[in-house]
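# Results of the structural survey
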Amino acid sequence: MRNEVFDVLEEVIETDEFRDDLDADLFEETLLDSLTAIALIVELEDRFKVSLPPSEMERDEWNTANKIADRIQEKVNEKA
Amino acid sequence: MQPYSTPFYFIVLGLALIPLIVSISLGKKMLWYQVLVTIIFLGWSFSGSVTLWALLGYGVYQSVLVKAYEYYRVKRASNNTWVFYATVLLAILPLVIVKVTPTVDPSRPNSIIGFLGISYLTFKVLNVVIELRDDLIHQVPLRQFIYFLYFLPTISSGPIDRYRRFEKEYQNRTVENYPTLLGHGIFQIFLGFLYKFIIGHLIVTYILHNVAITATVNPNFLTMVEAMYSYGLYLFFDFAGYSLFAIGVSNIMGYDIPINFVRPFAAKNIKDFWNRWHITLSFWFRDFVYMRLVKTIMVKRWSKNRILISNVSYFALFGLMGLWHGLTWYYIVYGLYHAVLMVSYDAWLRYKRRHHLKIADNWLTKGLSIALTFNAVFIGFLIFSGIPNFAILHSINPSNPLPNF
């Protein structure tokens, strides 16, 4: 599950740099911005069949690869 | 009496807040007293004019709308897109009427349903409607909504708070770290005095007033540059000072509302600038216009070109932000100008990435980017000031009115 999320992330931002440090701030590293963050949300919604409203995605809860995976896990569990 | 406009207002407000300070310090928030202060001060600010009725009518109208949408969305658990759009349109309708009135009937520019702060309240209502739709807000208790809407310190010009943030503080039984918050609040108010009543006042009285008239009567490069810097600095000190008052008073009342300005003139690029200037407004547009529009376009697959999607959304964001200031050509141009700056900056970033351009990060490059951003932003302020518009009108007919800052 976590790896699937990371695969989606890699597809969207077109680099695997983030895998070196899964706790690095993706916005600070300029790997994510408002635009790619939405592209990621759309892709994740589609892949995991969950709903991720943009205004729920507070930057500080959504800024590292690990946190993103945690949130998706939570959302999938909520649904089940 | 406009909020925060005179020392007298602060003295009366300060006295009214003393019982609240004591009570919060003792662990009681005294919500009834907060409401009483709000009613008295709103009455004082708006009484003797039709705007008091406009203010109250607006609250009734939006409460009915929000409660109806809450019923539809939560109780009925329905989620039709067109119902959502209709609700958003109805929520914006009063603001649209108020903004369009001066264009339709210039002899009576003030709509009877208008009041100081209507545009800021509209942002709050839309925040609630959109997040009800997104399933982030599950209930909107009426009293809580009304207090959020009419929250006294921010009513006339923001900062624009968010419902879910406000709700947490509203529902807490006590105020966390109140001594720190209180001290912070008092400091903000005094900093606001320095900004608005000293620096802003000096700029407008001794510089901007004359410079704006000179630039109108005798427009050339030099007079416009003078007008540009003095107006931009005045705008900052006046508005940032005002925001500091609103934040300070909120702090004293036990609310830690979001800040509006973080050293905007130290911004290194235009994106950085919008993370520092009128933050609650730009973040509102980022979250509720830009990001949602980008998402809609992506989900509906209207385009796969991310650059195009982003640029279109920037124009929507800044175009709307311009329109929101008012239906005049120079506000709209101001918005579009910033959209162009954002699109160009993104293009520059892509260019740097594609050519693996590494620009040294030292005091010189940093200084240059700050200076470049500063001047780009000030050109925007000049458009926004309306001074070029005065100059154009004056050159057409010298009996047209002169600016009076």
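Residues numbered from 1 in each chain as written. Chains lettered and ligands numbered in written order. Predicted model: local features only at pLDDT ≥ 70, side-chain atom pairs only at ≥ 80, totals over all residues. Heavy atoms only, no water.

Turning our eyes to something else, we now look at the overall build of chain B. Secondary structure assignment for chain B yields 15 helices and zero strands. A compact globule built from 405 residues would reach a C-alpha radius of gyration of about 22 Å, and chain B, at 23 Å, matches this within 12%. In chain B, once contacts between residues fewer than 6 apart in sequence are set aside, the share between residues at least 24 apart is 73%. Approximately 19900 Å² of chain B is accessible, and the part contributed by carbon and sulfur atoms is 68%. The positive charge centre, built from 34 side chains, and the negative charge centre, built from 16, are 6 Å apart in chain B. (Helix = DSSP H or I, 4+ residues; strand = E, 2+ residues; numbered from the N terminus. Rg over C-alpha atoms; globule rule 2.2 N^0.38 Å. Contact = heavy atoms within 4.5 Å. Areas by Shrake-Rupley, 256 points an atom, 1.4 Å probe, with all protein chains shown as cover. Lys, Arg positive; Asp, Glu negative; His and termini not counted. Charge placed at Lys NZ, Arg CZ, Asp CG, Glu CD.)

Here we come to the overall build of chain A. The secondary structure content of chain A amounts to three helices and zero strands. A compact globule built from 80 residues would reach a C-alpha radius of gyration of about 12 Å, and chain A, at 11 Å, matches this within 12%. With 80 residues in all, chain A has 52% of them scored as buried. Of the contacts formed within chain A by residues at least 6 apart in sequence, a portion of 57% connects residues at least 24 apart. (Buried < 20%, exposed > 50% of the residue type's maximum accessible area, 1.4 Å probe, protein only.)

Residue and element names in this part refer to chain B. Along its sequence, chain B is carved into domain 1 (7–174) and domain 2 (184–396). Computed over C-alpha atoms only, the centres of domain 1 and domain 2 are separated by 25 Å. Contacts between the two partners involve 37 residues from domain 1 and, on the opposite side, 32 residues from domain 2. The largest share of the area that domain 1 buries against domain 2 comes from Phe 10, Phe 123 and Pro 159, three residues that together contribute 21% of it. (Domains from an automatic or database assignment. Buried area = accessible area lost by both parts, 1.4 Å probe.)

What follows covers the packing of helix 5 (residues 118–133) of chain B against helix 6 (residues 142–149) of chain B. All names here are of chain B. Contact geometry for helix 5 and helix 6: axes closest at 10 Å, N-to-C directions at 145°. Packed against helix 5, whose contacting residues are Leu 121, Lys 124, Val 125, Asn 127 and Val 128, the element helix 6 presents Phe 145, Phe 148 and Leu 149 at the interface. Residue composition of the contact of helix 5 with helix 6, grouped by class: six nonpolar, one polar and one charged. (Axes fitted to C-alpha atoms, helices over the stretch in contact; angles between N-to-C directions. Nonpolar A, V, L, I, M, F, W, Y, C, P; charged D, E, K, R; others polar.)

This part covers unusual backbone geometry. All names here are of chain B. Along the chain, Gly 158 connects to Pro 159 via a cis peptide bond; the corresponding omega equals 0°. For Pro 159, the position within the fold is in the loop between helix 6 and helix 7 (163–171). Positive phi outside glycine occurs at Ala 77, with the angle close to 50°. In this structure, Ala 77 sits in the loop between helix 3 (51–75) and helix 4 (81–104). Positive phi is not limited to glycine here, since Asp 135 has a value of about 70°. Here Asp 135 lies in the loop between helix 5 and helix 6. Asp 135 gets classed as partly exposed once you look at its relative accessible area, which sits at 45%.

With that out of the way, let us pick up the packing of aromatic side chains. Residues and elements named next belong to chain B. Applying the stated criterion to the full structure yields 66 aromatic pairs over all chains. On the basis of an interplanar angle of 55° and a centroid distance of 5.2 Å, the ring pair of Phe 265 and Phe 378 is categorised as tilted. Separated by 113 residues along the polypeptide, Phe 265 in the loop between helix 9 (221–252) and helix 10 (270–274) and Phe 378 in helix 14 (residues 363–385) bring together distant segments of the chain. Here Phe 378 falls in the buried class, since its relative accessible area comes to 0%. Sitting over the ring of Phe 148, Lys 124 keeps its end group 5.0 Å from the ring centre. Over the ring of Phe 283 we find Arg 286, and its NZ or CZ is 4.2 Å from the ring centre. (Phe/Tyr/Trp six-rings, centres within 6.5 Å; stacked < 30°, edge-to-face > 60°. Lys NZ or Arg CZ within 6 Å of the ring centre and 35° of its normal.)

With 17 residues of chain B at the contact, the number on the chain A side is 18 residues. Both faces considered, chain B and chain A share a buried interface measuring about 1500 Å² in area, 64% of it formed by carbon and sulfur atoms. The largest share of the area that chain B buries against chain A comes from Met 291, Lys 295 and Arg 306 of chain B, three residues that together contribute 40% of it. Here chain B is connected to chain A by one salt bridge. With a shortest N-O distance of 2.7 Å, Lys 295 of chain B and Glu 45 of chain A are connected by a salt bridge. Our enumeration of links across chain B and chain A arrives at three residue pairs in polar contact (both at pLDDT 80 or more). Take the side of chain B that touches chain A: its biggest share by element is nine residues, from helix 11 (residues 279–299) of chain B. Classifying every residue of the side of chain B that touches chain A by side-chain character gives seven nonpolar, one polar and nine charged. (Salt bridge = Lys/Arg side-chain N within 4 Å of Asp/Glu carboxyl O. Polar contact = N/O pair within 3.5 Å; in protein donor to acceptor, adjacent residues only side chain to side chain.)

What follows is about the nonpolar core. Leu 44 and Trp 62 of chain A together with Phe 381 of chain B are the most contacted members of the largest nonpolar core, which totals 150 residues. Looking at which element gives the most residues to this core, the answer is helix 9 of chain B, with 16 residues. Built from parts of two domains, this core gets at least three residues from each of domain 1 (7–174) and domain 2 (184–396) of chain B. Ignoring anything within four residues of it in the chain, the contact list for Leu 44 of chain A reads Val 5, Val 8, Lys 49, Val 50, Leu 52, Trp 62, Ile 68 and Ile 72 of chain A. (Core = buried A, V, L, I, M, F, W, Y, C linked by side-chain atoms within 4.5 Å.)

Residues and elements named next belong to chain B. Orientation of helix 9 relative to helix 15 (residues 387–396), taken along the N-to-C sense of each, is 145°, at an axis distance of 11 Å. Mapping the contact onto sequence places Met 224, Ala 227 and Tyr 231 in helix 9 and Ile 387, Pro 388 and Ala 391 in helix 15. Its residues assigned to classes, the contact of helix 9 with helix 15 comprises six nonpolar, no polar and no charged.

Between its terminal C-alpha atoms helix 5 of chain B stretches 23 Å, which fits the 22 Å expected from 16 residues at 1.5 Å a residue. The buried fraction of helix 5 of chain B is high, at 16 of 16 residues. (Expected span 1.5 Å × (residues − 1).)

UniProt annotation of "modified residue: O-(pantetheine 4'-phosphoryl)serine" (unreviewed entry) refers to Ser 34 of chain A when read in the numbering used here. Secondary-structure assignment places Ser 34 of chain A in helix 2 (residues 34–48). A relative accessible area of 15% means that Ser 34 of chain A is categorised as buried. In contact with Ser 34 of chain A, not counting residues within four places along its chain, are Arg 59 of chain A together with Arg 286, Tyr 290 and Met 291 of chain B. (UniProt positions renumbered as here; feature names shortened; annotations may be inferred.)

Overall, the prediction assigns chain A a mean pLDDT of 87, with 100% of residues at 70 or greater. Averaged pLDDT values for the elements of chain A fall to 88 in helix 3 (residues 65–79) of chain A and rise to 91 in helix 1 (residues 2–13) of chain A. (pLDDT = per-residue confidence, 0-100.)

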